[in-house]
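Below are the chains, spelled out letter by letter.
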Amino acid sequence: MGYTLNFAAVWRSFDLLLEGLALSLALAFGAILIGAAIGLFTAFCLISKNGFARRPAGIYVTIIRNTPILVLVLFTYFALPQLGFRLGKIESFIFTLALYSGAYLAEVFRAGLLSIPVGLREAGLAIGLTEIQIRTSIIAPLMFRNVLPSLSSTIISLFKDTSLAAAIAVPELTFEARKINVETFRVIETWIVASCLYVITCSILAALMRALERRLSVPR
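An unreviewed UniProt entry annotates the chain as Polar amino acid transport system permease protein of Phyllobacterium trifolii. One UniProt comment on the chain, placed under Function (unreviewed entry), says "Part of the binding-protein-dependent transport system for glutamine; probably responsible for the translocation of the substrate across the membrane." We quote the UniProt Sequence similarities (unreviewed entry) comment for the chain here in full: "Belongs to the binding-protein-dependent transport system permease family. HisMQ subfamily."

Under the feature "domain: ABC transmembrane type-1" (unreviewed entry), the UniProt entry names residues 21–209. Segment residues 21–209 splits into 81% helix and 0% strand. End C-alpha atoms: 19 Å apart.

On to unusual backbone geometry. Trans is the common state for peptide bonds, and a negative phi is the common state for residues other than glycine. Positive phi is not limited to glycine here, since A169 has a value of about 65 degrees. Mapping A169 onto the fold places it in the loop between α7 (131–161) and α8 (173–184). For A169, a relative accessible area of 30% translates into the label partly exposed. Despite not being glycine, F185 has its phi angle at roughly 65 degrees, a positive value. Relative to the elements of secondary structure, F185 occurs in the loop between α8 and α9 (187–216). Residue classification places F185 among the exposed positions, given a relative accessible area of 65%.

Procedures and definitions
Residues numbered from 1 in each chain as written. Predicted model: local features only at pLDDT ≥ 70, side-chain atom pairs only at ≥ 80, totals over all residues. Heavy atoms only, no water. UniProt positions renumbered as here; feature names shortened; annotations may be inferred. Helix = DSSP H or I, 4+ residues; strand = E, 2+ residues; numbered from the N terminus. Buried < 20%, exposed > 50% of the residue type's maximum accessible area, 1.4 Å probe, protein only.

As structure tokens, this is what we get:
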């Protein structure tokens, strides 16, 4: 084939890849923090006996879970300004990723909430706690511990999904790699290095989440 690997051009721009990686992590964690709040609120709505809370939550989850995330990204950035809602590239992507993760986390949290024994709520009421206090100090902490493995997978998945931000020119890792690729024509080398950065980062995130799971696990 006559193609000779030469990573020199990629190494000269390696700092751009690291800056893109840092932005990718910031996008992922910003989205997961907002998405977790959305997901938890939606999960409580989904298990509510009040139809006015349950039905809109169900519609939100159904629509978001069945729409490709790239379509959501493009809709938020290009279509919402036509309706008067204009956001910057980074803010727009975080907002979209948060809505997307919130819909998936809602189902994760719903399963976790349903796994909590009903007796804990009754015990909380018996000692004089309010519903809000029971949910924040008893139910939510137990639920988070139960769903931590699924939450870990979601965080890693969201980090990889930040590559879609390149579609709206957010300078994250994939965007920077594509830029280097265009400027240097070192296609194989550029994407090998970018892929390695994704794999290494995901492996570190997975290891950190496993350590957190072990720390929070209940001794048997």
